[in-house]
Amino acid sequence: MNTSDTIIAPATAPGVGGIAIVRISGADALSALLSYFRPSAASATLESHRLYYGALRDRSGCLVDEVMAVYMAAPHTYTRDDVVEIQCHGSQQVITAILSLYQEHGLRLAEPGEFTYRAFISGRLDLSQAEAVSRLVHAKTDSARKLSLEQVGGALSREIYSLAESLKKSLVLIEAWIDFPEEDLPDEDLISIATTIENAKSKTLTITSSYTCGRVLTEGASILLLGQPNVGKSSLLNALLGEERAIVTEVPGTTRDFLEEGFVIDGIPLRLVDTAGLCKSGDVVESEGVRRAEEKIPSADLLLWVVDSTKKLDDLDLYVYNRCVGVPTFLILTKTDLVAEFGDLSFCNFPIYQISSKTGVGLDGLRRGISSFFVGDQISAPEAVMLTERRHYEVLLFCLDCLRRASELLVDGSTLELLAFEIREALDCLGKISGETSTESLLDDIFSGFCIGK
Amino acid sequence: MVNSYSKNYQVIVVGAGHAGCEAALASARMGCSTLLLTIGLDTIAQMSCNPSIGGLAKGHLVHEIDAMGGEMGLNIDATGIQFRRLNTRKGPAVRAARAQADRMAYSARMKYVIEQEELLDLKQGMVDDLLVEKGRVVGLETREGIGFYGEAVVLTTGTFMRGLIHIGLNNYAGGRAGELSAEGLSGSLKRLGFRIGRLKTGTPARLSARSIDFSKLERQPGDQQIKPFSFVTDKIEREQVDCFVAETNEKTHQIIRESLDRSPLYSGVIEGVGPRYCPSIEDKVVRFPDKNSHQSFLEPEGMRGSEMYPSGLSTSLPPDVQLAYFRSMVGFERVEIMRPGYAIEYDFVEPMQLRASLETRAVAGLFHAGQINGTSGYEEAAGQGLLAGINAARRCQGRDPVIIGRDEGYLGVMVDDLVTQPTTDPYRMFTSRAEYRLLLREDNADQRLTELGRKIGLVGDTRWEKYLKKQEQVVAASQIIKNKSITPSDRQVVEDLDLGELKSGVSLELLLKRPEINIAQLEAVCPELSEFSRQALEQVEIAVKYEGYIKRQLEQVERFREQEEIKLPADIDYMKIPSISTEVREKLINIKPISLGQASRIQGVTPAAIAVIHIYLRKQNYA
Ligand SMILES: Nc1nc2c(ncn2[C@@H]2O[C@H](COP(=O)(O)OP(=O)(O)OP(=O)(O)O)[C@@H](O)[C@H]2O)c(=O)[nH]1
Ligand SMILES: [Mg+2]
């Protein structure tokens, strides 16, 4: 394992905690921090082992979060390398934003246990502890097979195994074609290889797309409230939380920026995000809030399009509707304790929930709807593969890339060795999850499968 | 009664097969007074089995041997009678050279080259005992009663150590059919503490050409355009011949099946393990009952003689069965066998007892190369011989051994495999063994290893100058294709290359990236390029076309090197490192890996153990 680059990962367990810590370790830790972090007290340099309050802004200068950051100079750190810790708000969106900011910056997402591994490698842990630690390190490299696979009930393991087996069969053929051109082997049948690759591709795709659902269970999901001003978004947030978190007034445009609160439905950790009502406004501050609300749409797992049931649907509502098309959305009709006026909604295919934040009618139905939207199918189908670990997800995405390139190569048979290269890389990826080095017994398979020997 | 020989040598090489010849030549050319001792002076560089050199991965090895200044490439270029490049329709990394040799000419030329080498003495003699003092080899004694003294000994014993020939249920001692076996040496090695194992290999009968009806067989000619093995060979002069393709049939298989009770293999007489990739015909018939025919290339063993080698039909069945099954094949109805096929069992010394320099760990100055290390194949043997010869010479000269990385050559892959992986059957090279296959090509063997050969002292001025010239050309030609552009106004060129609508200028480099365009086409439209050699242009073409893949392999190499560069000091005391299992500790003590990377490739050494060693090294300030 590379121990010289700079790595990053959340150091706190995912969940609904108020504060999360993101940890960076490696030679570039400080420069990475300073690329995006400005301490509010304008001190020129950061002193080691002191906590600074400030703003973390992305490349374009947008605020990612207000954070506390501490820089710890080597060697008096956990890993003995330079370490930076960023304390941010516990919301998954914030953590994800920080992680992707730094990944784009060039830091690598740490493997599970990698900080401990580095601490161990750097000699920070005493040799007398080595026995215990070596078990830990071992668990890390074999972790996929031993631990995480069993955690998901073996379904992922079986899927990965059968994927690897089919790819390996193709690889055996390809390697035989390469190394034994003068033997009478089965013909170079690229069509059967292509079929295998296509199947592997779609299987991998299915597994990777289950990541969202698997992730929702472990990392939580975000729900974004969207609607024109004064329709009752903030009231809905308060009603679902059972607490007066957002300010509610009869003045349209009360919520100026987004507000994010965590709550739990059926054990699913959720983040509910209230936004400024969407409209084209002359008010600069609010239009900034509107822009940010719209920006959040792609990263939300579910949208709640909030419509005031006492008003006729107007252009502004449709403007919001158009923002929601293509993204999972529920239509929420509010204020059902009053007289309904909204009119024809037959154009809209979203599930519709009618609620009153004032009386609480319809809120339970909405809760059930949200719960089954996120986990409903999976819970009823226990055998379905669900990807929960980000590391597995990233490895499989890479695997998918290799398979895609492999199928492009298949167009022309003059590149068998490149095809072998891609399949080997894909198998290496699967091996990172299953803990098996799949090319080990390749030669055995070639000799037991084909009559070779001139 | 033993007589001490008056002359003291620096390096003594035992055995003059493909390994021994390379070892002796390398050592002598590097300036060491060298003795090459062999059982028979008439069988130097003998092709005991297939009369051919090269093939996938093996051709790669020959190119590497050649780049470092070895002899094999030149020898086959001078004596080859049919050249055929394999996989020409696949990518450059897996194209390989293969050639049939005139067996006698191959042997004769190698003997001549050895006889011309100034510091090299060639003598006939059979070694009975190694002389070792205080853990260092000091010489050896022959059965003829002569004691030869030297600072380093390279053993390349082939199949001769306790060789046992099987033909049917008859067996007798012999190093090859008609030659003596070496009975004393492996006992001597055993007494020195080496673990000795037993392997088996086999060879088919040789058939009389006169008795074969070639009109019934498919003819297989060689290449029209021959690409020589050696970087310094310009042209193949020798007259070329055709090979033929024959086939077994159900009748053949039935004869074989009915005679299995007379096979030493199936009646349990043979204990040695044979090569998986080269099963005998009886093995193939038994293991693949669904195949109703097996192919055999019929290869002439020389320009003049009559002997034909039927590939893929090695056997240890009795001669009458051999004759019967051959005569069941089309074209062989009246065939006469000149030499029957046979199996041979022989002793080898488990190569995990070697350092990466091919020096044994137990006895300083003692090197092993070739079949004694459990390998098979002339090319594998020659490669090890070259490295063992180089390192024996360097040892005498007080220099560090030369060790080639897995990312630098098949030579490196082979040695690393040998010293870290247990031998289960005779080891043969395959391209699939090379993780960095796309980088280890025949066409760039010179770029990978000529400089090393020059540094060692094996690359002479002629080769070196030719190499430098090629390198200059590669650089200059790359510059041209980068800088020169085709614009829409170059109508003729656009039409010649069938480029269709060009919106703006395109560099030749970008054009070359297109799969349908090759360097020859660019040469036609850009006269400046025709000044460069074909080899130089080929390099430019590969570098451009495979840029993405080469880059990805280089990244893999980078990751690999990181652990490779953490060296394990010779005096590391594994007993002092806590928390690693006894089994792993024993392996490390026995194998003494040179780097953390190599340690990680030893079977059974866990990632945890590697981490523990790494931390230990840091604490000791080794790494
Ligand atoms: N009767 C009734 N009134 C409601 C209900 N929900 C919200 N309201 C009222 O509608 C008005 C607007 O409510 P908010 O929750 O502030 O609306 P909003 O969508 O957050 O508005 P902005 O933040 O301005 O975009 C307030 O006066 C609320 O009291 C409801 O269910 N029933
Ligand atoms: Mg509001």
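Residues numbered from 1 in each chain as written. Chains lettered and ligands numbered in written order. Predicted model: local features only at pLDDT ≥ 70, side-chain atom pairs only at ≥ 80, totals over all residues. Heavy atoms only, no water.

Draft legend 1. Region of interest: the overall build of chain B. In terms of regular secondary structure, chain B is built from 20 helices and 22 strands. Against the compact-globule benchmark of 25 Å for 623 residues, chain B has a radius of gyration of 26 Å, which places it among compact chains. Principal axes of the C-alpha set define a box for chain B whose edges measure 85 × 75 × 50 Å. Per-residue burial for chain B yields a buried fraction of 61% across its 623 residues. Summarising the internal contacts of chain B: among those between residues at least 6 apart in sequence, 73% fall at separations of at least 24. Carbon and sulfur atoms provide 48% of the accessible area of chain B, an area that totals close to 25,000 Å². Distance from the positive charge centre (78 side chains) to the negative charge centre (82 side chains) of chain B: 2 Å. (Helix = DSSP H or I, 4+ residues; strand = E, 2+ residues; numbered from the N terminus. Rg over C-alpha atoms; globule rule 2.2 N^0.38 Å. Buried < 20%, exposed > 50% of the residue type's maximum accessible area, 1.4 Å probe, protein only. Contact = heavy atoms within 4.5 Å. Areas by Shrake-Rupley, 256 points an atom, 1.4 Å probe, with all protein chains shown as cover. Lys, Arg positive; Asp, Glu negative; His and termini not counted. Charge placed at Lys NZ, Arg CZ, Asp CG, Glu CD.)

Draft legend 2. Structural detail: the overall build of chain A. Each helix and strand counted, chain A has 15 helices and 13 strands in total. Sorting the 454 residues of chain A into buried and exposed places 51% on the buried side. By sequence separation, contacts in chain A at least 24 residues apart represent 66% of the contacts at least 6 residues apart.

Draft legend 3. Local environment of the side chain of Thr275(A). Residues and elements named next belong to chain A. Summarising the element assignment, Thr275 is placed in the loop between strand E10 (268–274) and helix H10 (284–295). Of the residues examined, Thr275 reaches a relative accessible area of 0% and is grouped as buried. There is a polar contact of 2.8 Å between the side chain of Thr275 and the backbone oxygen of Leu225. Non-local contacts of Thr275, meaning those with residues more than four positions away in its chain, are made with Leu224, Leu225, Leu226, Lys233, Thr255, Phe258 and Ala293. (Polar contact = N/O pair within 3.5 Å; in protein donor to acceptor, adjacent residues only side chain to side chain.)

Draft legend 4. Broad picture of the coordination of the magnesium ion (ligand 2). All names here are of chain A. Only Ser234 (OG) and Thr255 (OG1) from the protein coordinate the magnesium ion (ligand 2), and they sit 2.0 to 2.1 Å from it. Taken as a pair, Ser234 in helix H9 (residues 233–241) and Thr255 in the loop between H9 and strand E9 (259–265) lie far apart in primary sequence, 21 residues in all. Accessibility expressed as a relative area gives 9% for Ser234, which makes it buried. (Donors = N, O, S within 2.8 Å, 3.2 Å for Na, K, Ca; no water.)

Draft legend 5. Examining the site of ligand 1 more closely. Residues and elements named next belong to chain A. If you check the shell around ligand 1, you find 22 residues, and the closest are Asn230, Ser235, Gly253, Thr254 and Asp337. Side-chain polar atom of Ser235 to an oxygen atom of ligand 1: 2.5 Å apart, as the coordinates give it. The separation between an oxygen atom of ligand 1 and a polar side-chain atom of Thr255 is 2.9 Å. Relative to its unbound accessible area of 650 Å², ligand 1 is 88% covered by the protein chains. The residue inventory of the shell around ligand 1, partitioned by class, reads six nonpolar, eleven polar and five charged. (Near = heavy atom within 4 Å. Nonpolar A, V, L, I, M, F, W, Y, C, P; charged D, E, K, R; others polar.)

Draft legend 6. The packing of helix H6 (residues 250–258) of chain B against helix H8 (residues 319–327) of chain B, seen in detail. Residue and element names in this part refer to chain B. At their nearest, the axes of H6 and H8 sit 8 Å apart, and the two run at 165° to each other. Of the possible angle classes, the one that applies to H6 and H8 is roughly antiparallel. In the crossing of H6 with H8, the sense of the turn from one axis to the other is right-handed. Two secondary-structure elements touch here, H6 through Thr252, Ile255 and Ile256 and H8 through Val321, Ala324 and Tyr325. Class assignment of the residues belonging to the contact of H6 with H8 gives a composition of five nonpolar, one polar and no charged. (Axes fitted to C-alpha atoms, helices over the stretch in contact; angles between N-to-C directions. Parallel < 35°, antiparallel > 145°, perpendicular 65-115°, else oblique. Left-handed = near helix turned anticlockwise from the far one by under 90°.)

Draft legend 7. How the structure looks around the side chain of Arg437(B). Following the sequence through the fold, Arg437(B) ends up in the loop between helix H10 (410–420) and helix H11 (445–456). The residues touching Arg437(B), leaving out its near neighbours within four places in the chain, are Glu175(A), Ile178(A), Glu417(A), Ala420(A), Arg424(A), Ala93(B), Val94(B), Tyr410(B), Thr431(B), Ser432(B) and Gln553(B).

Draft legend 8. Quick look at the sheet that holds strand E19 (residues 342–349) of chain B. Residues and elements named next belong to chain B. The strand order E11-E10-E19-E12 describes an open sheet built from four strands, whose pairing is antiparallel. In this open sheet, the two edge strands, each paired with only one partner strand, are strand E11 (170–173) and strand E12 (196–203). Taken over all neighbouring pairs, the strand axes of this sheet differ in orientation by 25° on average, direction set aside. When strand E10 (residues 164–167) meets E19, the two strands line up antiparallel, connected through three bridges. Of the residues in E19, the one forming a bridge with His166 is Ala343. (Pairing = 2+ DSSP bridges.)

Draft legend 9. Structural context of the packing of aromatic side chains. In this structure the tally under the stated criterion is 17 aromatic pairs over all chains. Between Phe330(A) and Phe373(A), the ring centres sit 5.8 Å apart and the planes meet at 80°, which makes this aromatic pair edge-to-face. Of this pair, Phe330(A) sits in strand E12 (residues 329–334) while Phe373(A) is found in helix H12 (residues 363–380), placing the two residues 43 residues apart along the sequence. Through a chain of ring-to-ring contacts, three or more aromatic side chains come together here, namely Trp305(A), Tyr321(A), Phe347(A) and Phe350(A). Taking the ring centre of Phe231(B) as reference, the NZ or CZ of Lys466(B) above it sits at 5.3 Å. (Phe/Tyr/Trp six-rings, centres within 6.5 Å; stacked < 30°, edge-to-face > 60°. Lys NZ or Arg CZ within 6 Å of the ring centre and 35° of its normal.)

Draft legend 10. Here's a closer look at unusual backbone geometry. Cis rather than trans, the peptide bond between Ala74(A) and Pro75(A) has omega equal to 5°. Here Pro75(A) is to be found in the loop between strand E5 (63–72) and strand E6 (83–89). Despite not being glycine, His49(A) shows a phi value in the positive range, around 60°. Tracing the sequence through the fold places His49(A) in the loop between strand E3 (37–39) and strand E4 (50–57). You can call His49(A) partly exposed: its relative accessible area is 42%. In this structure, Leu358(B) is a non-glycine residue whose phi angle is positive, near 75°. Examined against the element boundaries, Leu358(B) turns out to sit in the loop between E19 and strand E20 (366–368).

Draft legend 11. Molecular detail of the sheet that holds E6(A). Residues and elements named next belong to chain A. In spatial order, the strands read E3-E4-E5-E6-E2-E1-E7; together these seven strands make up an open sheet with mixed pairing. Only two strands of the sheet have a single partner each, and these edge strands are E3 and strand E7 (108–109). Inspection of the sheet shows E4 paired to E5 by eight bridges, in the antiparallel sense. Counted as the bridge partner of Gly54 is Val67 from E5. Against the sheet, helix H1 (residues 29–36) makes contact with strand E2 (19–25), E3, E4, E5 and E6, and its axis sits at roughly 75° relative to E3, the strand it touches most.

Draft legend 12. Representation of the pairing of E2(A). Where strand E1 (residues 7–10) of chain A lies against E2(A), four bridges are found, and the strand directions are antiparallel. The residue of E2(A) that forms the bridge with Ile8(A) is Ile24(A).

Draft legend 13. Just the environment of Gln535(B), in detail. Considering the arrangement of structural elements, one finds Gln535(B) in helix H16 (residues 534–545). For the pair Gln535(B) and Ile486(B), spaced 49 residues apart in sequence, the C-alpha to C-alpha distance is 24 Å.

Draft legend 14. Molecular detail of the pairing of E4(A). Residue and element names in this part refer to chain A. Examined bridge by bridge, E3 and E4 share three bridges and lie antiparallel to one another. Following the sheet pairing, Pro39 is matched in E4 by Gly54. From the end of E4 to the start of E5, which pair antiparallel, there are five residues, and Gly61 there has a positive phi angle of about 90°.

Draft legend 15. Expanded view of the packing of helix H2 (residues 58–67) of chain B against helix H9 (residues 378–396) of chain B. Residue and element names in this part refer to chain B. Between H2 and H9, the least distance of the axes is 9 Å, while the angle of their chain directions is 30°. The angle between H2 and H9 places the two elements in the roughly parallel class. In this structure, H2 crosses over H9, and the sense of that crossing is left-handed. When H2 is examined against H9, the residues Lys58, Leu61, Val62 and Ile65 are found in contact with a partner set consisting of Glu379, Glu380, Ala382, Gly383 and Leu386. Taken together, the residues that form the contact of H2 with H9 break down as five nonpolar, one polar and three charged.

Draft legend 16. Quick peek at the nonpolar core. Ile53(B), Met68(B), Tyr106(B), Ile114(B), Ile390(B) and Leu411(B) are the most contacted members of the largest nonpolar core, which totals 69 residues. Looking at which element gives the most residues to this core, the answer is H9(B), with ten residues. Within the second largest apolar cluster, 52 residues are counted, among which are Trp177(A), Leu410(A), Leu418(A) and Tyr549(B). (Core = buried A, V, L, I, M, F, W, Y, C linked by side-chain atoms within 4.5 Å.)

By themselves these figures say nothing about function.
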